[in-house]
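Results of the structural survey
Next come the chains, spelled out residue by residue.
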Amino acid sequence: MTMLHGTVETGLLRALTRGAETRAFPLIVAAVAMATTLSMTIPFGTLLVAAVLLAPRRWRSIAATSSIGAAIGALVLYLVFHHLGWNRFFVAYPDVVRSTAWRDATSWLGGYGVPSLLVIAALPVPLTPALMFAAISRLPVAEVLLALWLGKLVKYTLYAWLASAFPSPWIRRVQDR
């Protein structure tokens, strides 16, 4: 699994590198965000940082479009989990149900509903357990999509801004030595 994970991530990085000079680059990043979200195994954060480093002046549009792509991917997962139902869900994902992330997500979602999904989407933690529980809890689809998008927008905007701002001072400091 690790070798396959690395191969897929390398392929996605190559796709980003090839598209960095095109006008459609933010849309390419959005497609990568959606694909990695659907994969449930490849974290998008490192790919987002790489994309911003490839096109630092476009960090805002990259953050905005990638948050939309990731939210759409997460919504697809939400709908798939919703249609699986409790019985098939427990059989298909027994490790998730026993995880700490599952306990935390169920606690947050049970206590606070859709707003907690926004917070979880904005944090650098796995979103899949929260999506699974939210889907089984039958939260309103439109509210789920809005929460996922806003949470991802906050997180990706912060990541993109940091990636665009970070290298300059460090590069200057190294060059001055």
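Use the structure listed above.
In this text, all values refer to a predicted model and were calculated from it rather than measured experimentally. (Residues numbered from 1 in each chain as written. Predicted model: local features only at pLDDT ≥ 70, side-chain atom pairs only at ≥ 80, totals over all residues. Heavy atoms only, no water.)

Quick notes on the overall build of the protein chain
- Check the secondary structure of the protein chain and you find ten helices and zero strands.
- Listing each helix as α and each strand as β along the protein chain from the N terminus yields α-α-α-α-α-α-α-α-α-α.
- In the protein chain, which comprises 177 residues, the proportion classed as buried is 38%.
- Sequence separation of at least 24 residues holds for 76% of the intrachain contacts in the protein chain that already meet a minimum separation of 6. (Helix = DSSP H or I, 4+ residues; strand = E, 2+ residues; numbered from the N terminus. Buried < 20%, exposed > 50% of the residue type's maximum accessible area, 1.4 Å probe, protein only. Contact = heavy atoms within 4.5 Å.)

Some points on helix α8 (residues 128-137)
- Of all ten residues that make up α8, nine are buried, and the element is covered over most of its length.
- For α8, the complete set of buried residues consists of Thr-128, Pro-129, Ala-130, Leu-131, Met-132, Phe-133, Ala-134, Ala-135 and Ile-136.
- Where α8 terminates, the next one or two residues include Arg-138, which has phi positive at roughly 60°.

Here's the deal with a nonpolar patch on the surface
- Together, Leu-38, Ile-68, Ile-72, Val-76, Val-80 and Leu-145 make up an exposed nonpolar region whose accessible area comes to about 420 Å².
- At four residues, the largest contribution of residues to the nonpolar patch is made by helix α4 (residues 59-92).
- Along the chain, the position of Ile-72 falls in helix α4.
- Taking the relative accessible area as the measure of exposure, Ile-72 reaches 39% and is therefore partly exposed. (Patch = residues over 30% accessible without salt bridge, like charges linked within 9 Å, V, L, I, M, F, W, Y side chains within 5 Å. Areas by Shrake-Rupley, 256 points an atom, 1.4 Å probe, with all protein chains shown as cover. Salt bridge = Lys/Arg side-chain N within 4 Å of Asp/Glu carboxyl O.)

Section: the packing of helix α2 (residues 25-39) against helix α3 (residues 45-54)
- Closest axis-to-axis distance for the α2/α3 pair is 11 Å, and the angle between their directions is 170°. Regarding the angle of α2 to α3, the classification is roughly antiparallel. Contact residues: α2 offers Phe-25, Val-29, Val-32 and Thr-36, while α3 offers Leu-47, Ala-51 and Leu-54.
- Split into classes, the residues belonging to the contact of α2 with α3 amount to six nonpolar, one polar and no charged. (Axes fitted to C-alpha atoms, helices over the stretch in contact; angles between N-to-C directions. Parallel < 35°, antiparallel > 145°, perpendicular 65-115°, else oblique. Nonpolar A, V, L, I, M, F, W, Y, C, P; charged D, E, K, R; others polar.)

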